[in-house]
Amino acid sequence: MLANPTIVLELQGHTDPRASDAYNQKLGERRSLSVRNYLIRKGISPARMTIRSFGERQRRSDGETRLDFARDRASKSSTKMREISKSLCKKKICNSNQAEEGSVVKKVVKKQGSPSSVVLRAIVRNQTQSAKQESIQELVKRLLPGSLTVLGIAAANLGAPVSAQTILFQETFRGSATTAPFIFGSGRDRQGGLPCLTAATVASALPSCQDGTSDTEGNGALRLTASLIDQRGFVIYDRAIRTQFGLSITFDFFAYNGTGADGTTFFLIDSNANPREAGSFGGSLGYAQRRSTDPDTPDEPGIEGGYLGIGFDEFGNFANDGEGRGGGFVEPGSPLPANCTPSPLGRPPIPEPINRAPDSVTLRGPGAGTTGYCFLANSGPLGAGIDNNTATSRALARRSARITLTPGANPTVRVEVDFGGGFQTVIAERPAPPGFPEAFKFGFAASTGSQTNLHEIQNLVVRSLTPVPPAQLGVAKQVGVPVNNNDGTFTIPYIITVQNPSDINVINLQVTDDLTQTFTNGATFTIVPNSVQSATLRVNPNFNGSSDTNLLAGTDTLAFGQTATVNFSVRLTPGNTARTFLNTAIGTGRDPENNLITDASTNGVTPDANGNNNPNDDSTPTPINLTSQFRLVKRITAVTRNGIETRFGQFIDDVNDINDTAPGFAQLSPVGLAAVDRANPLRAGDEAEYTIYYLSDGTQPVFLANICDPIPVGSTFVLNSLAVKVGSAQPTIGGSFFSPLSPLPTNNSCPDPTNTRGAALFDLGTVSSTPGENFGFVRFRVRIN
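Being a predicted model, the structure only gives us computed values, none of them experimental.

Draft legend 1. Structural view of the overall build of the chain. Looking only at helices and strands, one finds four helices and 42 strands in the chain. When the 785 residues of the chain are sorted by exposure, 55% land in the buried category. Contacts in the chain between residues at least 24 apart in sequence constitute 74% of all its contacts with a sequence separation of at least 6. Total accessible area computed for the chain in this model is approximately 33,300 Å², and 50% of it derives from carbon and sulfur atoms.

Draft legend 2. Up close: the pairing of strand E30 (residues 586-590). Residues Gly-587 and Gly-589 point to one face of E30 and are all buried, whereas Ile-586, Thr-588 and Arg-590, pointing to the other face, are not buried. Strand direction decides the pairing type here: strand E25 (residues 506-512) and E30, joined by four bridges, are antiparallel. Residue pairing across strands places Val-511 opposite Gly-587, the latter belonging to E30. Pairing analysis gives five bridges linking E30 to strand E31 (residues 596-600), with the strands arranged antiparallel. Each residue of the ladder has a partner; that of Ile-586, found in E31, is Ala-600. Remark: five residues form the turn of the hairpin made by E30 and E31, two consecutive strands paired antiparallel; Asn-594 in that turn has positive phi of roughly 75°.

Draft legend 3. Structural view of the pattern of salt bridges. A complete count under the given rule lists 25 salt bridges for this structure. Among the salt bridges present, the one from Glu-323 reaches Arg-325, with a minimum N-O distance of 2.4 Å. Within this structure, Glu-645, Arg-647, Glu-687, Glu-689, Arg-779, Arg-781 and Arg-783 form a network of salt bridges that share partners.

Draft legend 4. Spatial organisation of the sheet that holds strand E40 (residues 736-738). Read across the open sheet, the three strands follow the order E37-E41-E40; overall the sheet is antiparallel. Edge strands, defined here as strands with exactly one partner in the open sheet, are strand E37 (702-710) and E40. Here the strands of the sheet are splayed against their neighbours by 25° on average, with no regard to which way each runs. Examined bridge by bridge, E37 and strand E41 (residues 759-767) share seven bridges and lie antiparallel to one another. Following the sheet pairing, Val-702 is matched in E41 by Val-767.

Draft legend 5. Layout of the sheet that holds strand E13 (residues 360-364). Ordered by their spatial adjacency, seven strands build an open sheet running E6-E9-E20-E11-E12-E13-E16, and the pairing between neighbours is antiparallel. In the strand order of this sheet, the two ends are held by strand E6 (182-185) and strand E16 (375-378), each with one partner. Neighbour to neighbour, the strand axes of the sheet diverge by 15° on average, direction disregarded.

Draft legend 6. Structural context of the nonpolar core. Ile-249, Phe-251, Phe-266, Phe-312, Val-361, Phe-519 and Phe-568 are the most contacted members of the largest nonpolar core, which totals 80 residues. Not counting the four nearest positions on each side in its chain, Phe-519 is found in contact with Tyr-494, Phe-525, Val-570, Leu-572, Phe-581 and Ile-624. Of all hydrophobic cores here, the second largest spans 20 residues; its members include Tyr-694, Val-702, Val-767 and Phe-780.

Draft legend 7. Here's a closer look at the packing of aromatic side chains. The tally for this structure, following the rule as stated, stands at 27 aromatic pairs. Taken together through their ring pairs, the aromatic side chains of Phe-169, Phe-173, Phe-182, Tyr-237, Phe-251, Phe-253, Phe-266, Phe-312, Phe-442 and Phe-444 make up a single cluster. For the cation-ring pair, Arg-402 lies above Phe-423, with the distance from its terminal atom to the ring centre recorded as 4.2 Å. Across from the ring centre of Tyr-494, 3.7 Å away, lies the NZ or CZ of Lys-477, which sits over that ring.

Draft legend 8. How the structure looks around the state of the cysteines. The tally for this structure, following the rule as stated, stands at two disulfides. Through a disulfide, Cys-196 is tied to Cys-209; the S-S separation comes to 1.9 Å. Note on the Cys-196 and Cys-209 pair: the S-S dihedral is about 85°, so by sign convention the disulfide is right-handed. One end of the pair, Cys-196, is in strand E7 (residues 196-197); the other, Cys-209, is in the loop between E7 and strand E8 (222-225), and 13 residues separate them in sequence. There is no split in this pair, since Cys-196 and Cys-209 are both buried. With its sulfur 1.8 Å from that of its partner, Cys-708 forms a disulfide with Cys-750. Taking the sign of the S-S torsion, 95° for the link of Cys-708 and Cys-750, the bridge is right-handed. Separated by 42 residues along the polypeptide, Cys-708 in strand E37 and Cys-750 in the loop between E40 and E41 bring together distant segments of the chain. Cys-750 matches Cys-708 in its accessibility class, with the two residues each being buried.

Draft legend 9. Just the environment of His-455, in detail. In this structure, His-455 sits in strand E21 (residues 454-463). Under the relative-accessibility criterion, His-455 is labelled buried at 0%. For the pair His-455 and Leu-224, spaced 231 residues apart in sequence, the C-alpha to C-alpha distance is 5.4 Å. In this structure the side chain of His-455 is engaged in a polar contact, spanning 2.8 Å, whose partner is the side chain of Thr-225. A distance of 2.9 Å separates the side chain of His-455 from the side chain of Glu-314, its partner in a polar contact.

Draft legend 10. Examining the side chain of Glu-171 more closely. Along the chain, the position of Glu-171 falls in strand E5 (residues 167-171). No salt bridge is formed by the buried Glu-171; its nearest oppositely charged neighbour, Arg-174, is found at 8.9 Å. From its side chain, Glu-171 meets the backbone nitrogen of Phe-173 in a polar contact 2.9 Å long. In contact with Glu-171, other than residues within four places in its own chain, are Thr-178, Asn-459 and Leu-460.

Draft legend 11. Expanded view of the environment of Leu-761. Mapping Leu-761 onto the fold places it in strand E41. Considering only alpha carbons, one finds Leu-761 and Leu-744, 17 residues apart in sequence, at a separation of 9.1 Å.

Cut-offs applied
Residues numbered from 1 in each chain as written. Predicted model: local features only at pLDDT ≥ 70, side-chain atom pairs only at ≥ 80, totals over all residues. Heavy atoms only, no water. Helix = DSSP H or I, 4+ residues; strand = E, 2+ residues; numbered from the N terminus. Buried < 20%, exposed > 50% of the residue type's maximum accessible area, 1.4 Å probe, protein only. Contact = heavy atoms within 4.5 Å. Areas by Shrake-Rupley, 256 points an atom, 1.4 Å probe, with all protein chains shown as cover. Pairing = 2+ DSSP bridges. Salt bridge = Lys/Arg side-chain N within 4 Å of Asp/Glu carboxyl O. Axes fitted to C-alpha atoms, helices over the stretch in contact; angles between N-to-C directions. Core = buried A, V, L, I, M, F, W, Y, C linked by side-chain atoms within 4.5 Å. Phe/Tyr/Trp six-rings, centres within 6.5 Å; stacked < 30°, edge-to-face > 60°. Lys NZ or Arg CZ within 6 Å of the ring centre and 35° of its normal. Disulfide = S-S within 2.5 Å. Polar contact = N/O pair within 3.5 Å; in protein donor to acceptor, adjacent residues only side chain to side chain. Lys, Arg positive; Asp, Glu negative; His and termini not counted.

Structure, rendered in structure tokens:
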């Protein structure tokens, strides 16, 4: 399997009859699952394997003796299997060019063994005869340990190689929960039939069943209707899937345990549609419209954005044009067909006798409102039947569908059904309806009327027909403007942008941010309460950046081409050290084949910052520059001569000083001269007033700020001239004068530690960096000697 990726397996579980039918059915499933799990541990993708339990229904003998039971459990050796595999191509079983594509795989050997009685069908796709023979032989040689009994091998040409396909979406519906984004409901103005997961005990993206149904984990199904009259239910996968690579859609469906009605539809709608309801039910099966004959009852439109409805119809009304299905007329310019082809089973006015097509598959085309949804094709009666209404278990009612859509200039659609012996074409390739969308959403619907059935779905897989480039994820992180809280803390806003630039949906999206790796060396932080928010993603309210680093719930799907954002804020105590903090967030997700996708964030809002279509090579950390910035501008603001004071009320820019034009200085409008006029120099006896303006315009306060100005040479300090202005407050007396050679206090900012000339010293403490509070000045006077 590892060396031959074109092989897919069906693991069929069998038992002897010594137990109840229900027990043996589950025993067969457990046996198949045990082999599947073994192969998964050996590295085989689960997407390449399906399981099926036949329980006791395909015994080797009819006897009831121990010998008969032993024969039921007998095994074949791997040597014998090699002999069988060699005979396959001699019999031309492995060369299926002459066989109908998608024909039932012929089982060469089927026996039951112990402890894991499993029939394995190996399907070798699109290979030459010799390559198929080699693949079959290699399969047996490589994957048959003594404890694993593999008892059936065959080959068929079933279309594109598995290795060339990419899983775009898969959901078994067998478990207790699903995280996929489904829209669901029970139709307009009707009760009952709400879709549910039969193995769920609590609601997830789909609810648990409330009718007492309780399957075990791994054995459940998506139930669309109960076996009651007038039931209806629908689910829609609320993410787009691209069509340019083609689509192969497979699923198991069940209709049983009732009286035989109505049916199930699988439908495709345009990805731009956002329906919250299905179409009409009854014969329209949740896809098409329904026109009322009662003037008091409104018409019911078909599903919004409908492109293709495929009805697996037990009762048979989806094939006729009753209840106003079809209709023909469309507005000019609409992508819908200009005229509906009438259904050969009847196109009434209502009411009138019309024919039904029970146990058949019908295709209906695009529609909008009560227009369109026209008949396209019908399979004719299918002998094996769409339902098995007398069955009381899924095992007896299982049917499998495969829908193939080929893209291109002339897209086509094909429908196949497996009634238990392999896929057979029920509607051969036919042109797809006009307006083939670039992307689809899809869904299921089912209904009952006056007759009943359980309707259920399992094992949905949507694949491309050709390889899709690997999924990618891009993450960017930007910091907003830090807010000083004036208590030693800052509020730091972050915005994280996640983007899916690929053609595949990214599931289980998560963004982690470990802030303990960012705020270190004494810095502390908390997350601002209720600040983790996103418009489109489900956030994790318990995110704290340390013990819980997940920003998201981890259940979202990021559709191809989609961009989403997550916001949160941090309250930071940086400590007394001015520095830059660097931060990186990590985005993770998985493609539908469960491969891990990851990206480290880059600074900004563009994940692919260098524009090379590879966001993984952009990973510049996001900086927070909580640095102090303390600007000083000194001016002569007044001169006193002969007792007359002259004040200088205008500001003259010093071209050699970049600080004096900082925007923050506009808050106090510095004035004064950078130097006196040489034509009129200061004279002995003159007094000069010096004003030193200060501005803290960094992202962090200035701690332990002090300003020291040595007394100029040739001058003497004027006593009682010290003044300080803080912010918008009035100037007050402040500061200290230290006479020449007096000891200066510790941690002073004076350039001359010996203080040979004397100094004016101003201790400002902490200067805020918040505008409105981050400026001021200090002032003193000297007398010219």
